Amino acid sequence: MTRIDIPEGSPFGLANLPYGVFSTPGSAPRVGVRVADSVVDLAATLGDDVFAQPSLNAFMAQGRARWDEVRSRVRDLVSGDVPDDAVHPVSEVRPHLPVEVADYVDFYASEHHASNLGRLFRPDAEPLMPNWKHLPVGYHGRAGTVVLSGTDIVRPCGQRKAPDEQAPTFGPSRRLDIEAELGFVVGTGSPLGSTVSPDSFPDHVFGAVLVNDWSARDIQAWEYVPLGPNLGKSFATSISPWVVPLAALEAARVPLPGQDPEPLPYLAERESWGLDIEVVVEWNGQEVARPPYREMYWSPAQMLAHLTANGASSRTGDLYASGTISGPDKHQRGAFIELTWNGREPLEIGGEQRTFLEDGDEVVFTASAPSTDGGRLGFGEVRGRVLPARQS
Ligand code: CA
């Protein structure tokens, strides 16, 4: 038997216990829980087939009462002696995409980000569009290109047209960017024709991951009118391997920064809350931003309520992301287009003046939040390296 050593202050202590999918040499992907620097095999310890699956979907579909029961059992399990063959050093397992992503939607919930992009793209107009404070603006992304942290990102090709060019050309994006976001994973869906009220959010959402919504700004700028983002975003979206359960984020709940005007009744919550999660963005190993999730205007519950307000069904494995997290200060901006003010204010990265991503660059997001044990819990990381475009 093994007693897992949990060092004081570990971001993966007993108050976190995030779920993921892993494999070891010669064995199939299955569900595990991260505890300190170990992964505990739930298929081997809890005796339920839902954990012997290559995604969390079957477990998530069992619903909130079951999530609570398993969380409590796992806490007891890893507090005591665990069978040796059910514990693996995290450095020796291969992580897999934790969720079979059903639908993917990306919101735009940061007022600071939306205002900054408004100022950049429409300098002579109001920064926010008239709808922005009435509904959480979003678009449907491409679920099939949500990839695990560590997956290389091939520079996308597409149509782009600079303002001073007469006609578009096709080729590798010249303005490849990141967006630091939080993603919410739906565990229990809702049938077609029904809605999910903001107050029933905890019955539906299983947990959260870090998201990098890679964005080709030149492709995006040319294509987005009038139907919104498409190929400038759909080439890849990276997520972190560990899904932090909603129950682990109780101590991170904070009031929203304030909504004016008051949202319409279908978006009203008994108690509206955001999350005090601090993200760190590193570009080639150098910290360039600390976006604060607590500054987000729309709450996670309001985003889900809006997604289903028209009776659209939701499914186990649906992923919806918050949109770029940006705060009021320059160092709190979660995208390079904002950090470099559309390329006009380069950052010094490794001694070079940089605006957008070059081939070979690597971006890593990490995040932490207050934990119920009085410390801080971690989200792990979402990492990606840019490879050169593949032109045929
Ligand atoms: Ca985005």
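As a starting point, this report considers the structure included with it. Here the structure is a predicted model, which means the values were calculated and not measured.

1. Considering the nonpolar core
Then step 1. Ranked by internal contacts, the top residues of the largest apolar core, which has 57 residues, are Leu182, Tyr320 and Phe379.
Then step 2. Setting aside chain neighbours within four positions, we find Leu182 in contact with Ala208, Val209, Leu210, Val211, Leu275, Ile277, Tyr293, Tyr320, Ala321, Ser322, Ile325 and Phe379.
Then step 3. Judged by nonpolar contacts, the second largest core, of 36 residues, contains Tyr19, Val31, Leu77 and Val185.

2. Some thoughts on the coordination of the calcium ion
Then step 1. Coordination of the calcium ion by the protein involves Asp106 (OD), Glu179 (OE), Glu181 (OE) and Asp213 (OD), with metal-donor separations of 2.2 to 2.3 Å.
Then step 2. Sequence spacing among the residues donating to the calcium ion works out to D-x72-E-x1-E-x31-D. In this pair, Glu179 sits in the loop between β14 (176–177) and β15 (180–186) while Asp213 sits in the loop between β16 (205–212) and β17 (215–216), placing the two residues 34 residues apart along the sequence. With respect to burial, Glu179 and Asp213 carry one shared label: buried.

3. Some remarks on helix α3 (residues 64–79)
Then step 1. Its 16 residues give α3 an end-to-end C-alpha distance of 23 Å, which sits within 8% of 22 Å, the value for a rise of 1.5 Å per residue.
Then step 2. The complete set of buried residues in α3 reads Arg66, Trp67, Val70, Arg71, Val74, Leu77 and Val78. One side of α3 carries all its buried residues, which in axial view fall inside an arc of 135°. Seen from the open side of α3, the exposed residues pointing more than 90 degrees away from its buried face are Ala65 and Asp76.

4. A closer look at the environment of Thr151
Then step 1. Take Thr151: it is sitting in the loop between β10 (146–148) and β11 (153–154).
Then step 2. It is 9.7 Å that separates the C-alpha atoms of Thr151 and Ile239, two residues lying 88 residues apart in sequence.
Then step 3. In contact with Thr151, not counting residues within four places along its chain, are Arg383, Gly384 and Arg385.
Then step 4. One polar contact links the side chain of Thr151 to the main-chain carbonyl oxygen of Leu148, over a distance of 2.6 Å.

5. So, the sheet that holds strand β3 (residues 30–35)
Then step 1. With antiparallel pairing, the five strands of this open sheet are ordered in space as β6-β4-β3-β2-β7. For this open sheet the edge positions go to β6 (87–89) and β7 (94–96), each flanked by a neighbour on one side alone. The mean inter-strand angle of the sheet, taken between neighbouring strand axes irrespective of direction, is 45°.

6. Describing the environment of Pro156
Then step 1. For Pro156, the position within the fold is in the loop between β11 and β12 (157–160).
Then step 2. Overall, Pro156 belongs to the buried group, its relative accessible area being 7%.
Then step 3. In the structure, Pro156 is positioned 233 residues away from Ala389 in sequence and 6.0 Å away in space, judged by C-alpha atoms.
Then step 4. Setting aside residues no more than four positions away along its own chain, Pro156 makes contact with Gly171, Pro172, Ser173, Leu176, Ala216, Ile219 and Phe235.

7. A closer look at the pairing of β15
Then step 1. Counting buried positions along β15 gives seven out of seven residues, so the element sits mostly inside the fold.
Then step 2. Of the two faces of β15, the one carrying Ala180, Leu182, Phe184 and Val186 and the one carrying Glu181, Gly183 and Val185 are both buried.
Then step 3. When β15 meets β16, the two strands line up antiparallel, connected through seven bridges. Of the residues in β16, the one forming a bridge with Glu181 is Val211.
Then step 4. In terms of strand pairing, β15 meets strand β24 (residues 319–321) through three bridges, oriented antiparallel. Residue pairing in the sheet places Phe184 in a bridge with Tyr320 of β24.

8. Observations regarding the environment of Val386
Then step 1. As for its position among the elements, Val386 is in strand β28 (residues 376–387).
Then step 2. Along the chain, Val386 and Pro163 lie 223 residues apart, while their C-alpha atoms are 26 Å from each other.
Then step 3. Contact partners of Val386, with chain neighbours within four places excluded, come to Ile153, Arg155, Leu176, Trp214, Leu357, Glu358, Asp359, Gly360 and Asp361.

9. A few points about the pattern of salt bridges
Then step 1. Counting across every chain of the model gives 26 salt bridges.
Then step 2. Residue Arg155 is joined to Asp359 by a salt bridge in which the shortest nitrogen-to-oxygen separation is 2.7 Å. Separated by 204 residues along the polypeptide, Arg155 in the loop between β11 and β12 and Asp359 in the loop between β26 (352–354) and β27 (362–370) bring together distant segments of the chain.
Then step 3. On the basis of relative accessibility, which here comes to 39%, the residue Asp359 falls in the partly exposed class.
Then step 4. Linking Asp361 and Arg354 is a salt bridge whose minimum nitrogen-to-oxygen distance equals 2.4 Å.
Then step 5. Taking the relative accessible area as the measure of exposure, Asp361 reaches 5% and is therefore buried.
Then step 6. For Arg354, a relative accessible area of 5% puts it in the buried group.
Then step 7. One network of salt bridges, in which partners are shared, links Asp177, Glu179, Asp213, Arg217 and Lys233.

Calculation notes
Residues numbered from 1 in each chain as written. Predicted model: local features only at pLDDT ≥ 70, side-chain atom pairs only at ≥ 80, totals over all residues. Heavy atoms only, no water. Core = buried A, V, L, I, M, F, W, Y, C linked by side-chain atoms within 4.5 Å. Buried < 20%, exposed > 50% of the residue type's maximum accessible area, 1.4 Å probe, protein only. Contact = heavy atoms within 4.5 Å. Donors = N, O, S within 2.8 Å, 3.2 Å for Na, K, Ca; no water. Helix = DSSP H or I, 4+ residues; strand = E, 2+ residues; numbered from the N terminus. Expected span 1.5 Å × (residues − 1). Arc of directions from axis to C-beta. Polar contact = N/O pair within 3.5 Å; in protein donor to acceptor, adjacent residues only side chain to side chain. Pairing = 2+ DSSP bridges. Axes fitted to C-alpha atoms, helices over the stretch in contact; angles between N-to-C directions. Salt bridge = Lys/Arg side-chain N within 4 Å of Asp/Glu carboxyl O.

These results come straight from atomic positions and should not be treated as a statement about function.
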